[in-house]
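Below, each chain spelled out in residue letters.
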Amino acid sequence: MAELLRLDGASKLFGSLVVIDDLSMHLDEGEALGVIGPNGAGKTTLFNLISGGLKPNAGTVRFGGRDITAVSPHRRCKMGIGRSYQIPHPFEGMTVFENLLVGACFGTDRAEKQCYEPCAQILEQTGLIAKANRLAGSLTLLERKRLELARALASGPRVLLLDEIAGGLTEAECSELVETIREIRTTGMSIIWIEHIVHALVSVVDRLMVINFGRLIEDGDPHAVMKSPMVQEIYMGISAE
Amino acid sequence: MKYRVTTATRTSRVAGLVTLAVLVFVALAPQWGTRADLRLIVEFCYFLALAQMWNLLAGYAGLVSVGQQAFVGLGGYGLFVFTIYLGVSPLMAMLLSGIAAAIFALPTAFVVFRLRGAYFAIGTWVVAEVYRLSFAQVSALGGGSGKSLPISVIRSIADSRAEREVLIFYVGLAVAVFATGIVYWILRSRHGLALTAIRDSEPASESLGVNNFNAKLVIYVIAAAVTGFVGALIFIQKLRISPDAAFALTDWTAYVIFIVVIGGIGRIEGPIIGTIVFFVLQEFLAELGTWYLMILGIMAVVIMLKAPQGLWGLVADRFGIQFFPVQRRLHVEATRDKEA
Ligand SMILES: Nc1ncnc2c1ncn2[C@@H]1O[C@H](COP(=O)(O)OP(=O)(O)OP(=O)(O)O)[C@@H](O)[C@H]1O
Ligand SMILES: [Mg+2]
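Values in this document were obtained by computation on a predicted structure and should not be read as measured data.

Quick notes on the rules
- Residues numbered from 1 in each chain as written.
- Chains lettered and ligands numbered in written order.
- Predicted model: local features only at pLDDT ≥ 70, side-chain atom pairs only at ≥ 80, totals over all residues.
- Heavy atoms only, no water.
- Helix = DSSP H or I, 4+ residues; strand = E, 2+ residues; numbered from the N terminus.
- Rg over C-alpha atoms; globule rule 2.2 N^0.38 Å.
- Buried < 20%, exposed > 50% of the residue type's maximum accessible area, 1.4 Å probe, protein only.
- Contact = heavy atoms within 4.5 Å.
- Areas by Shrake-Rupley, 256 points an atom, 1.4 Å probe, with all protein chains shown as cover.
- Lys, Arg positive; Asp, Glu negative; His and termini not counted.
- Charge placed at Lys NZ, Arg CZ, Asp CG, Glu CD.
- Expected span 1.5 Å × (residues − 1).
- Arc of directions from axis to C-beta.
- Buried area = accessible area lost by both parts, 1.4 Å probe.
- Salt bridge = Lys/Arg side-chain N within 4 Å of Asp/Glu carboxyl O.
- Polar contact = N/O pair within 3.5 Å; in protein donor to acceptor, adjacent residues only side chain to side chain.
- Donors = N, O, S within 2.8 Å, 3.2 Å for Na, K, Ca; no water.
- Near = heavy atom within 4 Å.
- Nonpolar A, V, L, I, M, F, W, Y, C, P; charged D, E, K, R; others polar.
- Phe/Tyr/Trp six-rings, centres within 6.5 Å; stacked < 30°, edge-to-face > 60°.
- Lys NZ or Arg CZ within 6 Å of the ring centre and 35° of its normal.
- Patch = residues over 30% accessible without salt bridge, like charges linked within 9 Å, V, L, I, M, F, W, Y side chains within 5 Å.
- Axes fitted to C-alpha atoms, helices over the stretch in contact; angles between N-to-C directions.
- Parallel < 35°, antiparallel > 145°, perpendicular 65-115°, else oblique.
- Left-handed = near helix turned anticlockwise from the far one by under 90°.

**What to know about the overall build of chain A**
Helix and strand counts for chain A come out as 9 helices and 10 strands. In terms of overall size, chain A behaves like a compact globule, its C-alpha atoms giving a radius of gyration of 17 Å where 241 residues would be expected to give roughly 18 Å. Burial status across chain A gives 57% buried among its 241 residues. Put simply, 63% of the contacts in chain A that link residues at least 6 apart link residues at least 24 apart. For chain A, the exposed area adds up to about 9,200 Å²; of that, 54% sits on carbon and sulfur atoms. If the 24 positive side-chain charges of chain A are averaged to one point and the 30 negative ones to another, these points end up 6 Å apart.

Next up, the structure:
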């Protein structure tokens, strides 16, 4: 499989606080990678380095064989990096449909009219079609999370970065969302998924990465990783099944 | 499944007709109005145009400028420079003044776009002050005490005073319609999607492929051009310019902010309603002098606290009406057609 994304020796500091510490990782085309780690481990910061919201203090980010370390976030989106936010950032004064239109028009550089059909289809796929004309500000938490996902999809990504998309949802809502993500995976979409709900994650991903204090401490088969002593120590008692 | 997207609503079609009727009536003002009426309508028009531009900046692009008087002043002085020193005809000079203001907006943006939030606001004000102090140094333009438009230039607008007033009236009406129209057109275009997205969340719009910086810069330059043209219009009506009048914070920005806040920020109808309210208040309260300003200030604060969506927002949200609809509504046809 061709390599899609690669970080080499990436570090990120906030003042003197080292949040990402000499981290290297990669993602293959079509692969689904899970990321876990305690609160404050640097997972969201890692996504910001990949999507371009933050620039690393050291190291490089490569995407599709190109060094994109200095590339701005909107250009990374056009190249195919789509992300969702841990705390949803809906465009509250726009309708759900218009939220997707933004991603479709600018993420893929198409004329507005050509985006209507694909956006409507993504709304169907993510279960938001009935809310298409509602203002995004009026959505429930589950709907906001779905909108994060739908909007990122509309931008036509090659890799989808999902940041705790199931966080704060009920068990039933969570398994619904997992179904949706499974369905997206059938199109061959690459994903990196940060999630604290380990069993949901393990049921979808091919590979699991564990981050602690900004360092990569485990990387491999999800079940094997969950059984490793280091992870057992951090995630005391949480089973992968 | 078939999908259809619409923007117009029944009220918007009715509103379109009403707007047209009002416009025709106002356009006939030289037939029915006195000279004072024409003057008042021109003032109404330039405040409306300034308010539309400020709303576009602050209400959509998130650029809360308190320095738009910079462009009014540049446009006003542009008129004097182009007509007196370059011998350009007044109407052409007004257009060139708008273009000049847009050109000045680029280096200005280079400075102020590095600043965020409150610092951006202060930065725009500082830049406007720099322009004011600079023009006060130019003795060819009358320095600090200012300059009048020479008789020869005034004559070149039109021969008689009445003709001049009618001409200025139509230019005023045109710029108000143009300012409102261009905002409507921008918001309905693809660029409008980006702007509205920026208004609601800058990080999200950027990570969905919107070039926030460029989107804002385009709006800043357009607003400067229209504001500069309005500046030229203001001073062709006043026939006299000085740095203090041209770069007046109260007249060209504070009143304008009041108008937009009262009417409803982030909506095209807001500036229209706000300008009407502003002129009604001015009619009844102007004799109160300083008190008038204080009443305006208090009103603005109360509206900001109690109804941040403005007067138009109160009405529109309650009855769900939009005179200038920009929302794209998705209709799903065939099999299931029961969406909200
Ligand atoms: N902009 C910032 N400025 C300063 N410190 C920051 C900033 N963003 C994050 N941090 C700090 O960096 C550390 C890592 O944050 P990050 O959001 O990446 O963690 P996380 O692994 O996503 O945690 P969680 O599971 O709670 O979402 C935290 O200590 C956080 O306080
Ligand atoms: Mg996080």
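**A short note on helix α1 (residues 10–27) of chain B**
All names here are of chain B. Taking 1.5 Å per residue, 18 residues should reach 26 Å; α1 reaches 26 Å between its end C-alpha atoms and fits that length. Within α1, the full set of buried residues consists of S12, A15 and V26. The buried residues of α1 occupy an angular sector of 55° when projected down its axis, which confines them to one face. In α1, the exposed residues that point more than 90 degrees away from the buried face are R10, R13, L17 and L20.

**Section: the interface of chain A and chain B**
Contacts between chain A and chain B engage 40 residues on the former and 31 residues on the latter. Around 2,900 Å² of area is buried between chain A and chain B when both sides are counted, 61% of it from carbon and sulfur atoms. On inspection of chain A and its partner chain B, the count reaches 3 salt bridges. One salt bridge connects R190 of chain B with D109 of chain A, and the closest N-O pair in it is separated by 3.6 Å.

**Thoughts on the environment of S228 of chain A**
All names here are of chain A. Structurally, S228 can be placed in the loop between α8 (222–227) and α9 (229–234). Each C-alpha atom, one on S228 and one on E31, is 22 Å from the other, the two residues being 197 residues apart in sequence. A distance of 3.4 Å separates polar atoms of two side chains, one belonging to S228 and the other to E218.

**With respect to the coordination of the magnesium ion (ligand 2)**
All names here are of chain A. The coordination sphere of the magnesium ion (ligand 2), as far as protein atoms go, consists of T44 (OG1) and Q86 (OE1), spread over 1.9 to 2.1 Å. You can see T44 sitting in helix α1 (residues 43–51) and its partner Q86 sitting in the loop between β6 (81–83) and α3 (96–107), a full 42 residues away along the chain. Judged by its relative accessible area of 31%, Q86 is partly exposed.

**Remarks on the site of ligand 1**
Residues and elements named next belong to chain A. Around ligand 1 sit 13 residues in total, of which N39, K43, T44, T45 and Q86 are the nearest. Here an oxygen atom of ligand 1 sits 2.9 Å away from a polar atom, N or O, in the main chain of G42. Within the contact set of ligand 1, an oxygen atom lies 3.0 Å away from a side-chain nitrogen or oxygen of H196. In isolation ligand 1 has 640 Å² of accessible area, and contact with the protein removes 60% of it. With 3 residues, α1 is the largest single contributor of residues to the shell around ligand 1. Class assignment of the residues belonging to the shell around ligand 1 gives a composition of 4 nonpolar, 7 polar and 2 charged.

**Here's the deal with the packing of aromatic side chains**
The tally for this structure, following the rule as stated, stands at 24 aromatic pairs over all chains. Ring centres 5.4 Å apart and planes at 70° place the aromatic pair F113 of chain B and Y220 of chain B in the edge-to-face group. Here F113 of chain B, found in the loop between α5 (90–112) and α6 (117–136), pairs with Y220 of chain B, found in helix α11 (residues 212–238); they are 107 residues apart in sequence, far enough to count as distant. For F113 of chain B, a relative accessible area of 9% puts it in the buried group. Ring-pair connections join several aromatic residues into one group, and the members of that group are F44, Y46, F47, F235, W252, Y255, F258, F278 and F279 of chain B. Cation over ring: R83 of chain A sits above Y85 of chain A, and NZ or CZ is 4.1 Å from the ring centre. Taking the ring centre of F110 of chain B as reference, the NZ or CZ of R114 of chain B above it sits at 4.5 Å.

**Side note on a nonpolar patch on the surface**
All names here are of chain B. A surface patch of nonpolar side chains, about 500 Å² in accessible area, is lined by L20, V24, F25, L28 and W32. A total of 3 residues in the nonpolar patch trace back to one element, the largest contributor, which is α1. Within the fold, F25 resides in helix α1. The class of F25 is partly exposed, set by a relative accessible area of 49%.

**With respect to the packing of helix α4 (residues 69–85) of chain B against α5 of chain B**
All names here are of chain B. The contact between α4 and α5 brings their axes to 8 Å, and the two run at 135°. Put simply, α4 runs oblique to α5. For the crossing formed where α4 meets α5, the hand is right-handed. Across from F71, L74, G75, G78, L79, F82 and T83 in α4, the residues of α5 making contact are P90, A93, M94, L96, S97, A100, A101, F104, A105 and T108. Its residues placed into classes, the contact of α4 with α5 shows 12 nonpolar, 5 polar and no charged.

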